[in-house]
Amino acid sequence: MVYFVGAGPGAADLLTLRGKKYLEQADLIIYAGSLVNPELLDYAGADCEILNSAYMNLEQVIHAIEQAEKEGKNTVRLHTGDPSLYGAIREQMVQLEKLGISYEVCPGVSSFCGAAASLNLEYTLPDVSQSVIITRTEGRTAVPESEQLSSLAAHQATMVLFLSAGLAKKTRQELLDGGYPPDTPVAVVYKATWPEEKIIRTTLAHMEEDMEQADILKTALIIVGRVLDSDFSLSRLYDKHFSTGFREGRL
Ligand code: SAH
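These numbers come from a predicted model, not from an experiment. Every chain is numbered independently, its residues counted from 1 as its sequence is written. Thresholds applied to this predicted model are a pLDDT of at least 70 for local features of residues and 80 or more for the giving and counting of side-chain atom pairs; totals over whole chains, interfaces and linings are not thresholded and use all residues. Water and hydrogen atoms play no part in the side-chain values, which are based on all heavy atoms of the structure.

Engineer: Hey, could you run me through the packing of helix α2 (residues 58–70) against helix α3 (residues 90–98) in this one?
Structural biologist: When two helices pack together, their arrangement is captured by the angle between the axes and the distance separating the axes. Between α2 and α3, the shortest axis-to-axis distance is 11 Å and the interhelical angle comes to 45°. In terms of axis orientation, α2 runs oblique to α3. Where α2 crosses over α3, the handedness of that crossing is right-handed. On the side of α2, the interface is formed by Leu 58, Val 61, Ile 62 and Ile 65, while α3 contributes Glu 91, Gln 92, Gln 95 and Leu 96. Of the residues contributing to the contact of α2 with α3, the split by class is five nonpolar, two polar and one charged. Axis definition: a line fitted to C-alpha atoms, over the contacting stretch in the case of helices. Angles run 0 to 180 degrees between N-to-C directions. In this text, helices come from DSSP runs of H or I with a minimum length of four residues, and strands from runs of E with a minimum of two, each type numbered from the N-terminal end. Throughout this description, any angle smaller than 35 degrees is read as roughly parallel, any larger than 145 degrees as roughly antiparallel, any in the 65 to 115 degree range as roughly perpendicular, and the remainder as oblique. Throughout, a crossing is termed right-handed when the near helix is turned clockwise from the far one, and left-handed when it is turned anticlockwise from it by less than a right angle. Any two residues whose heavy atoms approach within 4.5 Å at even a single point are treated as in contact. The classification used treats Ala, Val, Leu, Ile, Met, Phe, Trp, Tyr, Cys and Pro as nonpolar, Asp, Glu, Lys and Arg as charged, and all other residues, Gly among them, as polar.

Below you can see the structure in the form of structure tokens.
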């Protein structure tokens, strides 16, 4: 059996209880060494074999899992944040299905949630933005034409950019071209929830130089939108005049 486990954004105690149980029971752990906090490996049993997938290609990962399966072992494939975002898990699942190997996914706290917590941020403020666009700037990995940053920018919704810290100049330009005003607030969170976390609060106009000054080139999220500094309306949910399934509104 293979468990794809979300490791959370960094801090070791942001792993789920279920993820911890799977790590404790694993015979083999293949972890994404470039981003997963190695402290999580302390949950592994003494006899557990541990491989770092940063040094492996897809074929090697699948081969290691296949060998473990033949020996009746449990494998944990440990991915950073939540595995469903930029986790390259589908390509593994397809191979496992071909080999008749069963698997299950255990979700994790994505780094975009870790970053919001570090910023005391609510991505969805009434009357400011009710949508979050999760995307990336095109680099070596292509982004479909219909999802180019400049066209997504037209919505002026809250935007969270993964995998784009090394492309600050291009990111800034495409967001400006797409119509975000230059004074749109931007926050950059480097290694959210890790001890070495860094936060920059800036604007679209200044993000490139501020990121350069702080030496942030990777392992960061770029968060863009008025939710970072806006006045907003109070929610309907807790409005004393508003009835919900649990509470009668008062006049
Ligand atoms: N599945 C992961 C994302 C993997 S892609 C998740 O849900 O978070 C890797 C990218 O995620 C990095 O380039 C960076 O943009 C972002 N990232 C991962 N961990 C991060 C963290 N602790 N702080 C800020 N960004 C992080």
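Engineer: Which parts of the structure should I look at to understand the site of the ligand?
Structural biologist: Any residue with at least one heavy atom within 4 Å of a molecule or strand is counted as near it. Close to the ligand lie 18 residues, the nearest being Leu 85, Ser 110, Ser 111, Ala 192 and Ala 220. Measuring from a nitrogen atom of the ligand, one finds a backbone N or O atom of Thr 80 at 2.9 Å. For the purposes of these results, a polar contact is taken to be a pair of N or O atoms within 3.5 Å, where, inside protein, one atom must be able to donate a hydrogen and its partner to accept one; residues adjacent in sequence count only when each atom of the pair is a side-chain atom. Interatomic distance of 3.5 Å between a backbone N/O atom of Lys 191 and a nitrogen atom of the ligand. Relative to its unbound accessible surface of 540 Å², the ligand loses 95% to contact with the protein. Among the residues making up the shell around the ligand, the classes are represented as eleven nonpolar, five polar and two charged. Throughout, the Shrake-Rupley method with a 1.4 Å probe supplies accessible areas, and for residues the shown protein chains are the sole cover considered.

Engineer: Help me understand the sheet that holds strand β2 (residues 28–31) in this model?
Structural biologist: Pairing between sheet strands relies on hydrogen bonds along the backbone, with the strands arranged either parallel or antiparallel. At least two DSSP bridges between two strands are needed for those strands to be called paired. Spatial strand order, β3-β2-β4-β1-β5: five strands in an open sheet with parallel pairing. Each edge of the open sheet is held by one strand with a lone partner, namely β3 (49–52) and β5 (103–106). The sheet shows a mean angle of 20° between the axes of neighbouring strands, direction not considered. α2 contacts β1 (2–6), β2, β3 and β4 (75–79) of the sheet and is inclined by roughly 170° relative to β2.

Engineer: Would you mind going over the packing of aromatic side chains with me for this structure?
Structural biologist: Given two aromatic rings, one states the distance between the centres and the angle between the planes to describe the pair. The rule is short: rings of Phe, Tyr and Trp, with Trp giving its six-membered ring, pair when the centres are within 6.5 Å, and they are stacked under 30 degrees, edge-to-face over 60, tilted in between. Applying the stated criterion across every chain yields a total of five aromatic pairs. Measuring from ring centre to ring centre gives 5.8 Å for Phe 112 and Tyr 123, while their planes differ by 35°; the resulting arrangement is tilted. In this pair, Phe 112 sits in helix α4 (residues 111–119) while Tyr 123 sits in the loop between α4 and β6 (132–136), placing the two residues eleven residues apart along the sequence. Here Phe 112 falls in the buried class, since its relative accessible area comes to 18%. Note on exposure labels: buried denotes an accessible area under 20% of the residue type's maximum, exposed denotes more than 50%, and partly exposed covers the range between, all computed with a 1.4 Å probe on protein chains only. With a relative accessible area of 9%, Tyr 123 lands in the buried category. An aromatic cluster is built from Tyr 86, Phe 112, Tyr 123 and Phe 162, whose rings are joined through pairwise contacts. Here, over-ring charges are defined by two tests on the NZ atom of lysine or the CZ atom of arginine: distance to the ring centre within 6 Å, and angle to the ring normal within 35 degrees. Looking at Lys 191, its charged tip hangs above the ring of Trp 194, at a distance of 3.8 Å from the centre.

Engineer: Is there a simple way to think about the nonpolar core in this case?
Structural biologist: Burial of nonpolar side chains together is a common tendency in soluble globular proteins. Met 159, Leu 175, Val 188, Met 211, Ile 222 and Val 224 are the most contacted members of the largest nonpolar core, which has 22 residues in total. Put simply, the parts of the chain that give this core at least two residues each are α5 (149–152), β7 (158–162), α6 (168–178), β8 (185–190), α7 (207–213) and β10 (220–224). Setting aside chain neighbours within four positions, we find Met 159 in contact with Ile 133, Thr 135, Leu 149, Leu 152, Ala 153, Leu 175, Tyr 180, Ile 222, Ile 223 and Val 224. What we call a nonpolar core is a set of buried Ala, Val, Leu, Ile, Met, Phe, Trp, Tyr and Cys residues that are connected through their side-chain atoms within 4.5 Å. Counting residues in each nonpolar core, the second largest holds 19 residues, with Ala 7, Ala 12, Ala 32 and Cys 48 among its members.

Engineer: Mind showing me how you'd approach the pattern of salt bridges here?
Structural biologist: Pairing of side chains with opposite charge becomes possible as their charged atoms draw close. Definition used for salt bridges: Asp or Glu carboxyl oxygen within 4 Å of a side-chain nitrogen of Lys or Arg. Counted according to the given criterion, the structure contains four salt bridges. Of the charged contacts, one joins Glu 24 and Lys 20 as a salt bridge, the two residues approaching to 3.0 Å between their closest N and O atoms. Placement of both Glu 24 and Lys 20 in helix α1 (residues 17–25) is noted, with a separation of four residues, approximately one turn of the helix. Accessibility expressed as a relative area gives 30% for Lys 20, which makes it partly exposed.

Engineer: Where do I start with the environment of Val 189 in this structure?
Structural biologist: Along the chain, the position of Val 189 falls in strand β8. Taking the C-alpha atoms as reference points, Val 189 and Val 227, separated by 38 residues in sequence, lie 15 Å from one another. Among residues more than four places away in sequence, those in contact with Val 189 are Ala 115, Leu 119, Glu 197, Lys 198, Ile 199, Thr 219, Ala 220, Leu 221 and Ile 223.

Engineer: What exactly am I supposed to notice about the side chain of Thr 158 here?
Structural biologist: Residue placement: Thr 158 occurs in strand β7. A distance of 2.9 Å separates a polar atom in the side chain of Thr 158 from the backbone oxygen of Tyr 123. Other than its neighbours up to four places away in sequence, Thr 158 contacts Tyr 123, Ser 129, Ser 131, Val 132, Ile 133, Val 224 and Val 227.

Engineer: Is there a simple way to think about unusual backbone geometry in this case?
Structural biologist: Glycine aside, the phi torsion of most residues is negative, and most peptide linkages are trans. Of note, Tyr 86 is a non-glycine position whose phi angle comes to about 50°, a positive value. Tracing the chain through its elements places Tyr 86 in the loop between β4 and α3. We classify Tyr 86 as partly exposed; its relative accessible area is 38%.

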